[in-house]
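Coordinates in review
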Amino acid sequence: MSNPICLRATYDASVLKDDMSTGNGLGADMEAAIRMNASAVAIQCFIGGAGEARSLETLCRAVDAGERYGIPVLGVTAVGKEMARTTQYFLLATRILAELGSSFVKTYYCDDFEKVVAACPVPIVIAGGKKLPEDEALTMAYRAISDGARGVDMGRNIFQSEHPAAMCQAVAKIVHEKYTDKEAFQFYQELAFGTK
């Protein structure tokens, strides 16, 4: 029986400095992803930044290997300090990742997010981004799902919450049960603090 937990093996295609001789290491190859029973692999891509060409080449190689083994590839729009976080940027970056073969794309929530979703021919999940208060993180998740995102990939907004299990379940209520942000926050409070 396969493991019901969705593992993600990550190819780290990051370039730590403008010097192209650093970074660009693989966190795991496709065979390692298979051994870990991963449901998908993720590739960070730096559209418009240092390391763009290498990260896109890594994405294409992963897509080819993923197709051989039947493992989907998540294209991730990596945003460095020097990169714009605009609707126009995310429209371009998500479309490039999809057209290079990503099965689905992870990006950040932005203004006019519904335009980003409409322009991308594969499903989009949002990144959680910086740590927000729980109600604000749930509102972001709700707006993203309402605007067409298929899921949420949150890290610090769950793990740095005072009550991570409750926060994870509240996000799941938005994604899977169509809760509003207010309903999800109330659910979070009831789990976390036992309040009604």
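Scroll up for the structure.
The rules behind the values
Residues numbered from 1 in each chain as written. Predicted model: local features only at pLDDT ≥ 70, side-chain atom pairs only at ≥ 80, totals over all residues. Heavy atoms only, no water. Helix = DSSP H or I, 4+ residues; strand = E, 2+ residues; numbered from the N terminus. Contact = heavy atoms within 4.5 Å. Phe/Tyr/Trp six-rings, centres within 6.5 Å; stacked < 30°, edge-to-face > 60°. Buried < 20%, exposed > 50% of the residue type's maximum accessible area, 1.4 Å probe, protein only. Lys NZ or Arg CZ within 6 Å of the ring centre and 35° of its normal. Pairing = 2+ DSSP bridges. Right-handed = clockwise from strand over helix to strand, strands pointing away. 1 Å grid on protein atoms, 1.4 Å probe; cavity = no way out; pocket = protein on both sides within 12 Å on 5 of 7 lines; lining within 4 Å. Points joined across faces, edges and corners; volume = space filled by probe spheres on them. Nonpolar A, V, L, I, M, F, W, Y, C, P; charged D, E, K, R; others polar. Polar contact = N/O pair within 3.5 Å; in protein donor to acceptor, adjacent residues only side chain to side chain.

1. Regarding the environment of Ile158
The residue Ile158 is located in helix α6 (residues 156-159) in this model. Taking the C-alpha atoms as reference points, Ile158 and Gln169, separated by 11 residues in sequence, lie 9.6 Å from one another. With residues near it in sequence (within four places) discarded, Ile158 still touches Pro164, Met167 and Cys168.

2. Focus: the packing of aromatic side chains
If you walk through the whole model with that rule in mind, you get 6 aromatic pairs. Relative to Phe90, the ring of Tyr89 has its centre 5.3 Å away and its plane inclined at 75 degrees; by these criteria the two rings are edge-to-face. Per residue, the accessibility class of Tyr89 equals that of Phe90, and both read buried. Between Phe185 and Tyr188, the ring centres sit 6.0 Å apart and the planes meet at 20 degrees, which makes this aromatic pair stacked. Here the residue Phe185 and the residue Tyr188 both occupy positions in helix α8 (residues 181-193), the gap between them amounting to 3 residues, near one helical turn. Among the aromatic residues, those joined into a ring-pair cluster are Tyr89, Phe90 and Tyr108. Here the guanidinium or amino end of Arg85 rests over the ring plane of Tyr108, the centre of that ring lying 5.3 Å away.

3. A short note on the side chain of Thr94
With respect to the secondary-structure elements, Thr94 resides in helix α3 (residues 87-99). Here Thr94 is in contact with Thr77, Val105, Thr107, Val116, Cys120 and Ile124, once residues within four sequence places are set aside.

4. Considering unusual backbone geometry
Positive phi values are uncommon outside glycine, yet Asn37 reaches one of about 60 degrees. Asn37 sits in the partly exposed class, given a relative accessible area of 34%. Phi is positive for Lys178, which is not a glycine, with a value near 60 degrees. Here Lys178 lies in the loop between α7 (164-177) and α8. Owing to a relative accessible area of 71%, Lys178 belongs among the exposed residues under this scheme.

5. Observations regarding the pairing of strand β5 (residues 124-127)
Sheet analysis places strand β4 (residues 104-107) next to β5, joined by 3 bridges and oriented parallel. Its bridge partner being in β5, Val105 is matched across the sheet by Ile124. After leaving β4, the chain enters helix α4 (residues 113-119) and then returns to the sheet as β5, a path that is right-handed. Both β5 and strand β6 (residues 151-153) contribute to a ladder of 3 bridges, which runs parallel. Residue pairing in the sheet places Val125 in a bridge with Gly151 of β6. Taken together, β5, helix α5 (residues 134-146) and β6 form a β-α-β motif whose crossover is right-handed.

6. Concerning the layout of surface pockets
In this structure, the second largest pocket encloses a volume near 350 Å³. Forming the walls of the second largest pocket are 16 residues, and the residues nearest its centre are Val76, Lys106, Tyr108, Ala127 and Arg156. Residue composition of the lining of the second largest pocket, grouped by class: 6 nonpolar, 6 polar and 4 charged.

7. As for the side chain of Thr87
Note on placement: Thr87 falls in helix α3. Engagement of the side chain of Thr87 in a polar contact is seen with the backbone oxygen of Asp111, the distance being 2.5 Å. If we ignore the near neighbours within four places in the chain, the residues touching Thr87 are Cys110, Asp111, Asp112 and Val116.

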